[in-house]
Amino acid sequence: MPLHLKRLLMLGVLIVLLFLLLKHLLTPVSFGQFGHYRGKAIDEIAAHQVKFVGNKACVSCHDTIVTMKNEGYHSDLSCEGCHGAAYLHVDHPKLEKLFKPDSREFCGKCHSINKARPEKAVTQQNIKDHHPEDKCIKCHNPHQP
Amino acid sequence: MNPEFEHLYQALSKVDGFIYPNEIELSWSVLIVLYPFITGLVAGAFILASLERVFNVKSLKPTYVIALLTAFSFMLVATMPLVFHLGQPFRAWEIMITPHLTSAMAIFGFVYLWYLMVVLLLEIWFDYRVDLVIWSKTATGFKRIVYKALSLGSDDISPKSVKLDDKLGYIVTVIGIPSAFLLHGYVGFIFGSIKANPWWSTVMMPIIFLFSAMVSGIALVMVLFIVINYLRKQKIDMLCLDTIAKYLFYIIIIDFTMESLDQIHRFYEAEESFEIISLLISGHLNFTLLIMQIGVGMMLPLGTLGVLQFYKPAAHIRKAIYFVVGILVLIGIFFMRWNVVIGGQLFSKSFLGFTSFKLSLIGSEGFLMASIWLVVPFFILTFLLWLFPPWKKTPVDH
């Protein structure tokens, strides 16, 4: 066999070996453990920090607001639905301030007129005409509207 | 208009009739149109090259190497539209190391690699080896290093090994023909196998893709052949050009027949999807299908080439006509891909309504992005022609 063909053959074998080596090295260890995906992916996802801590987590410090809310029309709403994920706030309340959604548009997200949303579930209000001069929270307490 | 509904109105203005919410926006856009277009050019150009090699059409010889290098340049870019459409270039290779046999796309990766590494590269290498050895002795600087590396450090150009090379190159070409068919047939299969979509789901799809691939590849090489000779201020080999045009003519006829057969079949069967498809053709695809694909890209070239088979005007006029015809055919095949990819997403799976599509200029799926991937192969080709000029090769007789 001429030299160049020998070398070509060697090169070909080398490429295949390289591919197999890369495949071996780069395929994640837990791949195929349960199916055609990384088995570890499940643990990894489970290990993500939970960012929404739930209403109960607020009671220890904001008990008045919690009670207030639970007695009003907004009793079904979650605190974090309006204030955003609170996982950092519960540990460092002074450092990690939560968002205070005080704009008219914000309340409108649930209360504006929307044909697709049943009137029974959420009372609808024409945001444009309903006391347009002030913020909603001037007259309605967001925690007990 | 109520501003709260603005977004909804905007979305609805694109829609006619009834359509499911997830069908309003097209998920496959112009980049996915490019993917079969570019792979088609590869397969077509390669098949033209093998006509000379395997079927011994001697007059096509001047285009042999150009066709191979064209196929190679486009092959290098073929997967780029896909990678950029998916937007995960750093994960794209994972499809190769954890292949899934039921994933049509993963298998495409292997078909692609086989074709690129085993067929194209090897064939070009065998064809150039003697020249690489010779050039590695005469050239200087960067070129010399490249030639030296590519000749694998062997300078064996004895008649015996040259003959062996030729034989091996021939074998590679013979393997290459079914591989080229496989490559592009496979792209057709990816669409044809989607049974939920009546515009795509037909067993004819791979065959139609294949023949349209040949049409576009041959047209591309023809145009490039004219342009290269023009730029090099060489007198063009008219016999060769006429032969390419003749083959182009034949293949267009076959392609046209296949596509018509597919449509006739659809018309005659008139399944429940027929109504929406005829509305699609007469409506949204009116311009791109009837005018661009069939009229400009098929009938016009077919008529012109047909006439030229009997009546031959002067060489420079013929050359101009071939050039224009080549461009028209390329445009036509581009629109054929467009009509398949975009057309298949315009109608609702409920068969009761349409959405519409407007190509944006910028953005990751825009016109400019697509143009980049269409232009890059020409730069690669220019570079290859500079590095491995076919006109400086030592003539060999296959």
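Conventions used here
Residues numbered from 1 in each chain as written. Chains lettered and ligands numbered in written order. Predicted model: local features only at pLDDT ≥ 70, side-chain atom pairs only at ≥ 80, totals over all residues. Heavy atoms only, no water. Helix = DSSP H or I, 4+ residues; strand = E, 2+ residues; numbered from the N terminus. Rg over C-alpha atoms; globule rule 2.2 N^0.38 Å. Buried < 20%, exposed > 50% of the residue type's maximum accessible area, 1.4 Å probe, protein only. Contact = heavy atoms within 4.5 Å. Buried area = accessible area lost by both parts, 1.4 Å probe. Salt bridge = Lys/Arg side-chain N within 4 Å of Asp/Glu carboxyl O. Polar contact = N/O pair within 3.5 Å; in protein donor to acceptor, adjacent residues only side chain to side chain. Nonpolar A, V, L, I, M, F, W, Y, C, P; charged D, E, K, R; others polar. 1 Å grid on protein atoms, 1.4 Å probe; cavity = no way out; pocket = protein on both sides within 12 Å on 5 of 7 lines; lining within 4 Å. Points joined across faces, edges and corners; volume = space filled by probe spheres on them. Core = buried A, V, L, I, M, F, W, Y, C linked by side-chain atoms within 4.5 Å. Axes fitted to C-alpha atoms, helices over the stretch in contact; angles between N-to-C directions. Parallel < 35°, antiparallel > 145°, perpendicular 65-115°, else oblique. Expected span 1.5 Å × (residues − 1). Bend = angle between axes of the 7 residues up to and from the residue. Phe/Tyr/Trp six-rings, centres within 6.5 Å; stacked < 30°, edge-to-face > 60°. Patch = residues over 30% accessible without salt bridge, like charges linked within 9 Å, V, L, I, M, F, W, Y side chains within 5 Å. Areas by Shrake-Rupley, 256 points an atom, 1.4 Å probe, with all protein chains shown as cover.

Quick look at the overall build of chain B
- In terms of regular secondary structure, chain B is built from 15 helices and two strands.
- The C-alpha atoms of chain B give a radius of gyration of 23 Å, which matches the 21 Å a tight globule of 398 residues would have.
- With the principal axes as the frame, chain B shows a C-alpha extent of 80 × 55 × 35 Å.
- Buried positions account for 53% of the 398 residues belonging to chain B.

A closer look at the interface of chain A and chain B
- Contacts between chain A and chain B engage 17 residues on the former and 23 residues on the latter.
- On the chain A side of the contact with chain B, His4, Leu8 and His36 of chain A bury the most area, a combined 33% of that side's loss.
- Along the contact surface separating chain A from chain B lie zero salt bridges.
- The interface formed by chain A and chain B includes six residue pairs in polar contact (both at pLDDT 80 or more).
- Of the residues contributing to the side of chain A that touches chain B, the split by class is 10 nonpolar, four polar and three charged.

Regarding the layout of surface pockets
- A volume near 1300 Å³ is recorded for the second largest pocket.
- As for the second largest pocket, its lining consists of 39 residues, and the residues nearest its centre are Ile15 of chain A together with Met117, Val118, Leu121 and Leu122 of chain B.
- For the lining of the second largest pocket, the elements supplying multiple residues, two or more each, are helix H1 (3–26) of chain A together with helix H3 (61–77), helix H5 (94–97), helix H6 (104–138), helix H7 (141–150) and helix H8 (159–192) of chain B.
- For the lining of the second largest pocket, the per-class residue count stands at 38 nonpolar, one polar and no charged.

Looking at the nonpolar core
Residues and elements named next belong to chain B.
- Core analysis: the largest hydrophobic core is formed by 126 residues, its most contacted members being Tyr115, Leu120, Leu248 and Tyr322.
- At 18 residues, helix H9 (residues 204–231) tops the list of elements feeding residues into this core.
- Here tyrosine 115 is in contact with Val42, Ala43, Phe46, Met75, Leu120, Gly176, Ser179, Ala180 and Leu183, once residues within four sequence places are set aside.

Here's the deal with the side chain of histidine 89 of chain A
- If you trace the backbone, histidine 89 of chain A turns up in the loop between helix H4 (79–83) and helix H5 (104–111).
- Discounting residues that sit within four places of it in the chain, histidine 89 of chain A has contacts with His62, Glu96, Lys97 and Leu98 of chain A.

Re the packing of helix H2 (residues 30–53) of chain B against H9 of chain B
Residues and elements named next belong to chain B.
- Put simply, H2 and H9 touch, their axes get as near as 6 Å, and they point 70 degrees apart. As the angle between them shows, H2 and H9 are arranged roughly perpendicular. Only Phe209, Ala213, Met214, Ser216, Gly217, Ile218, Leu220 and Val221 of H9 make contact with H2, whose side of the interface consists of Pro36, Gly40, Leu41, Ala43, Gly44, Ala45, Ile47 and Leu48.
- Across the contact of H2 with H9, the residue classes break down as 12 nonpolar, four polar and no charged.

Regarding the environment of asparagine 126 of chain A
- Considering the arrangement of structural elements, one finds asparagine 126 of chain A in the loop between H5 and helix H6 (136–139).
- Considered as a pair, asparagine 126 of chain A and serine 112 of chain A are 14 residues apart in the sequence and their alpha carbons are 5.8 Å apart.

Quick word on empty space enclosed by the protein
All names here are of chain B.
- If you walk through the whole model with that rule in mind, you get one cavity of 30 Å³ or more.
- Estimated volume of the largest cavity: approximately 30 Å³.
- In terms of lining, the largest cavity is formed by Asp255, Glu259, Gln293, Gly297, Met298, Gly332, Ile333 and Met336.
- Secondary structure elements with two or more residues in the lining of the largest cavity: helix H10 (238–269), helix H12 (286–310) and helix H13 (315–341).

Quick look at the side chain of aspartate 242 of chain B
Residues and elements named next belong to chain B.
- Assignment of secondary structure puts aspartate 242 in helix H10.
- Engagement of the side chain of aspartate 242 in a polar contact is seen with the side chain of tyrosine 322, the distance being 2.6 Å.
- Apart from the residues within four sequence positions on either side, aspartate 242 is in contact with Lys312, Arg318 and Tyr322.

Description of H8 of chain B
- Taking 1.5 Å as the rise per residue, H8 of chain B with 34 residues should run 50 Å; its terminal C-alpha atoms sit 48 Å apart, in good agreement.
- Taking the largest bend as the criterion, H8 of chain B deviates by roughly 30 degrees, centred on glycine 176 of chain B, and proline proline 178 of chain B comes between one and four positions later.

Looking at the environment of proline 395 of chain B
- Counting through the fold element by element, proline 395 of chain B comes out in the segment after helix H15 (367–387).
- Once the C-alpha coordinates of proline 395 of chain B and leucine 210 of chain B are considered, the two residues, 185 residues apart in sequence, prove to be 32 Å apart.

Remarks on the packing of aromatic side chains
Residues and elements named next belong to chain B.
- By the definition in use, this model includes 28 aromatic pairs over all chains.
- Centre to centre, the rings of phenylalanine 142 and tryptophan 386 are 6.5 Å apart; their planes meet at 10 degrees, and the pair counts as stacked. One end of the pair, phenylalanine 142, is in helix H7; the other, tryptophan 386, is in helix H15, and 244 residues separate them in sequence.
- With 6.4 Å between their ring centres and 40 degrees between their planes, phenylalanine 334 and tryptophan 338 make a pair best called tilted. Here the residue phenylalanine 334 and the residue tryptophan 338 both occupy positions in helix H13, the gap between them amounting to four residues, near one helical turn. In this structure, phenylalanine 334 and tryptophan 338 share a single accessibility class: buried.
- Each member of the aromatic cluster is reached from another via a ring pair, and the members are Tyr35, Phe108, Tyr112, Tyr186 and Phe189.

Here we look at a nonpolar patch on the surface
- A contiguous nonpolar patch, built from Leu11, Leu14 and Ile15 of chain A together with Leu113, Met117 and Leu121 of chain B and spanning about 470 Å² of accessible area, is present on the exposed surface.
- Every element with two or more residues in the nonpolar patch is listed here: H1 of chain A together with H6 of chain B.
- Mapping leucine 121 of chain B onto the fold places it in helix H6.

Considerations on the pattern of salt bridges
All names here are of chain B.
- If you walk through the whole model with that rule in mind, you get 11 salt bridges over all chains.
- Where aspartate 166 meets arginine 53, a salt bridge forms, and the shortest distance between an N and an O atom there is 2.9 Å. Residue aspartate 166 is found in helix H8, and its partner arginine 53 is found in helix H2; the two are separated by 113 residues along the sequence.
- Where aspartate 131 meets lysine 393, a salt bridge forms, and the shortest distance between an N and an O atom there is 2.8 Å. In this pair, aspartate 131 sits in helix H6 while lysine 393 sits in the segment after H15, placing the two residues 262 residues apart along the sequence. Considered together, aspartate 131 and lysine 393 belong to a single accessibility category, that of buried residues.
- The structure contains a network of salt bridges with shared partners spanning Asp127, Asp131 and Lys393.

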